[in-house]
Amino acid sequence: MSTRAEWWTSRQDSRSTSPPSPHDITAATTTTPLVTPRRIHILGSGNVGNLVAHSLRTLPNPPPVTLLFHKFSKLEDFQSSGSRIELRRPLKEVSISYGYDVELTPPPNAVVAANTPLEALVNPNTGATPPPPPQKRIASLIITTKAHQTIAALRPISERLTRDSTILILQNGMGVLEEIKAEIFPDPASRPNFVLGITTHGIYPEGPFTLMQKGMGTISLGYVQRDHPETPDPKGKGTARSWFTRSPPPPSEHPDKPPPLNTLPPSSEYLLSTLLSAKPLEATHLSIAELLSAQLEKLAINAVINPLTVLFNCKNGELLENFYIVQNMRLILWEVSQVLCALPELAALPGRDVRLSPERLYDLVIRVARLTSGNYSSMFQDVRNGKQTEIDYINGYVLDRARDLELACTVNFMLINMVKSKGKIVQGRVAAQVPFVGLED
């Protein structure tokens, strides 16, 4: 593990070839902003988090990457796998990356004294080697956890994030950003900068920290303008409306173009430019309005495929083989489209009603279901394994926005309750060690 301090400096500083004099140092501290550390922290050790980490560490001049674990088992899996991440692609050579640093953050529900040394947290049964004490400040953080796990996972490290830090939220569903603002960083003046992202990469696990990339996709990124300090946070559960309408792009910015990177806060500029340079990610920088539209398209797709595969106990492609299921798909999409087309933050988006029409959303769902026909959805896998799903951040998000707009949303309300009911049944069977029969391996 490296202990060297590695920094991302300005181009002007990097051209200097001789050490500065004491006078130069004094002058620099009064006229030059603090440099941004190159280190990138990743919170979430699932498929997306591992793909991003691997892509960063295989850059020609890779930044230091720290993986944040909150479970002993994850740390042990990483150490037993050789402290590396392996990426496999069909018909291509296996790519392996090394050189990661790791940190063990206390489990969300653990009762640990504030001054407890990290060594005391080591699993006594396995004797896992503790990582070094964490660095105090986190300049760049990428969150790839499940949406419902975000607050609990972020809270232990929240004090290490400042208004100069940047957080990238790269996960399924919507609504997490406003939860983070309300529960972790309620003060707009001191909260970090935020970048939102979505991915279409098809990645599947083939063992601990071993990935198979079956489908090459993209990652879309968008910088969220900071809230004004005098702007009060919305009451209740946050929605996309609150962050977008309270923080519109500057008047000089064209609505369909992203802001130039050099106009962003230093940590945001660094994180975005680094991700954009990682070719395996195929990352693009979008305006926040365009990113929001893309997020909502993906949300609509997930709002159909995920719950229906759970309820009908099937693979994605099997949804297309049943006329009655297809009729249900159209009914869901009609309701979703009515809500999305009424969102005030999309009022100025060109072609909104066509882009988010039931017919176009249906075409997108069919395309994705065909491309992933042999796969089980992530929600299906969560239910099968007795885990909590992300339904509150998918169909639940649609329901929340419908309530904001005073629109009926009975179909999605029913889907949410049916998926949660199915999950409770499976969790009860898992707890009683009764096999959940009828599933293909």
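Above this note sits the structure.
The rules behind each value
- Residues numbered from 1 in each chain as written.
- Predicted model: local features only at pLDDT ≥ 70, side-chain atom pairs only at ≥ 80, totals over all residues.
- Heavy atoms only, no water.
- Core = buried A, V, L, I, M, F, W, Y, C linked by side-chain atoms within 4.5 Å.
- Buried < 20%, exposed > 50% of the residue type's maximum accessible area, 1.4 Å probe, protein only.
- Helix = DSSP H or I, 4+ residues; strand = E, 2+ residues; numbered from the N terminus.
- Contact = heavy atoms within 4.5 Å.
- Pairing = 2+ DSSP bridges.
- Axes fitted to C-alpha atoms, helices over the stretch in contact; angles between N-to-C directions.
- Left-handed = near helix turned anticlockwise from the far one by under 90°.
- Nonpolar A, V, L, I, M, F, W, Y, C, P; charged D, E, K, R; others polar.
- Salt bridge = Lys/Arg side-chain N within 4 Å of Asp/Glu carboxyl O.
- Expected span 1.5 Å × (residues − 1).
- Bend = angle between axes of the 7 residues up to and from the residue.

Caption draft 1: Structural context of the nonpolar core. Counting residues in each nonpolar core, the largest one holds 48 residues, and the members touching the most others are Leu-296, Leu-308 and Met-329. For this core, the elements supplying multiple residues, two or more each, are α9 (288–312), α10 (323–340), α12 (358–371), α13 (378–384), α14 (395–405) and α15 (410–431). Residues in contact with Leu-296, not counting those within four places in the same chain, are Met-174, Leu-340, Leu-343, Leu-346 and Tyr-397. If you look at the next biggest cluster of nonpolar residues, it comprises 35 residues, including Val-52, Leu-59, Ile-85 and Val-195.

Caption draft 2: Here's a closer look at the pairing of strand β7 (residues 101–104). Of the two faces of β7, both are covered, the one formed by Asp-101 and Glu-103 as well as the one formed by Val-102 and Leu-104. Judged from the four bridges that link them, strand β4 (residues 65–69) and β7 form a sheet pairing that is parallel. For Phe-69, the partnering residue across the bridge sits in β7 and is Leu-104.

Caption draft 3: The arrangement of the packing of α9 against α10 in detail. At a closest axis distance of 10 Å, the pairing of α9 and α10 adopts a crossing angle of 145°. For the crossing formed where α9 meets α10, the hand is right-handed. Residues Leu-296, Ala-300, Ala-303, Val-304, Leu-308 and Phe-312 of α9 form the contact with α10, whose participating residues are Ile-325, Asn-328, Met-329, Ile-332, Leu-333, Val-336 and Leu-340. Partitioning the contact of α9 with α10 into residue classes produces 12 nonpolar, one polar and no charged.

Caption draft 4: Structural view of unusual backbone geometry. Of note, Phe-209 is a non-glycine position whose phi angle comes to about 55°, a positive value. Tracing the sequence through the fold places Phe-209 in the loop between β11 (202–205) and β12 (210–215). Relative accessible area serves as the criterion here: at 6%, Phe-209 is assigned to the buried category. Positive phi values are uncommon outside glycine, yet Glu-406 reaches one of about 60°. Of note, Glu-406 is situated in the loop between α14 and α15. With relative accessibility at 74%, the residue Glu-406 sits in the exposed group.

Caption draft 5: Broad picture of the pattern of salt bridges. What the rule picks out here adds up to 18 salt bridges. The salt bridge partner of Asp-101 is Arg-39, with a shortest N-O separation of 2.7 Å. On the criterion of sequence distance, the pair formed by Asp-101 in strand β7 and Arg-39 in the loop between β2 (36–37) and β3 (40–43) is long-range, its members being 62 residues apart. When its relative accessible area of 9% is taken as the criterion, Asp-101 is described as buried. We classify Arg-39 as buried; its relative accessible area is 7%. Between Glu-178 and Lys-181 there is a salt bridge whose closest N-O contact spans 3.5 Å. Of the two residues, Glu-178 and Lys-181 both sit in helix α6 (residues 176–183), three residues apart, roughly one turn of that helix. The exposure class assigned to Glu-178 is buried, which follows from its relative accessible area of 3%. Classification of Lys-181 by relative accessible area gives buried; the value is 3%.

Caption draft 6: Focus on the sheet that holds strand β14 (residues 283–285). Taken together, eight strands build an open sheet; the order of strands is β7-β4-β3-β8-β9-β10-β13-β14 and the sheet is mixed. Looking at which strands have only one partner, the edges of the open sheet turn out to be β7 and β14. Taking the axes of each pair of neighbouring strands and ignoring which way they run, one obtains an average angle of 25° across the sheet. Here β3 runs beside strand β8 (residues 140–143); their pairing, made up of four bridges, is parallel. What sits directly across from Ile-40, in β8, is Ser-140.

Caption draft 7: Seen up close, α9. The first and last C-alpha atoms of α9 sit 36 Å apart over 25 residues, in line with the 36 Å expected at 1.5 Å per residue. Asn-302 marks where α9 bends most, by close to 25°. Within α9, 21 of the 25 residues are buried, which leaves the element mostly enclosed by the surrounding structure. Taken from the residues just after α9, Asn-313 is the one with a positive phi, measuring 55°.

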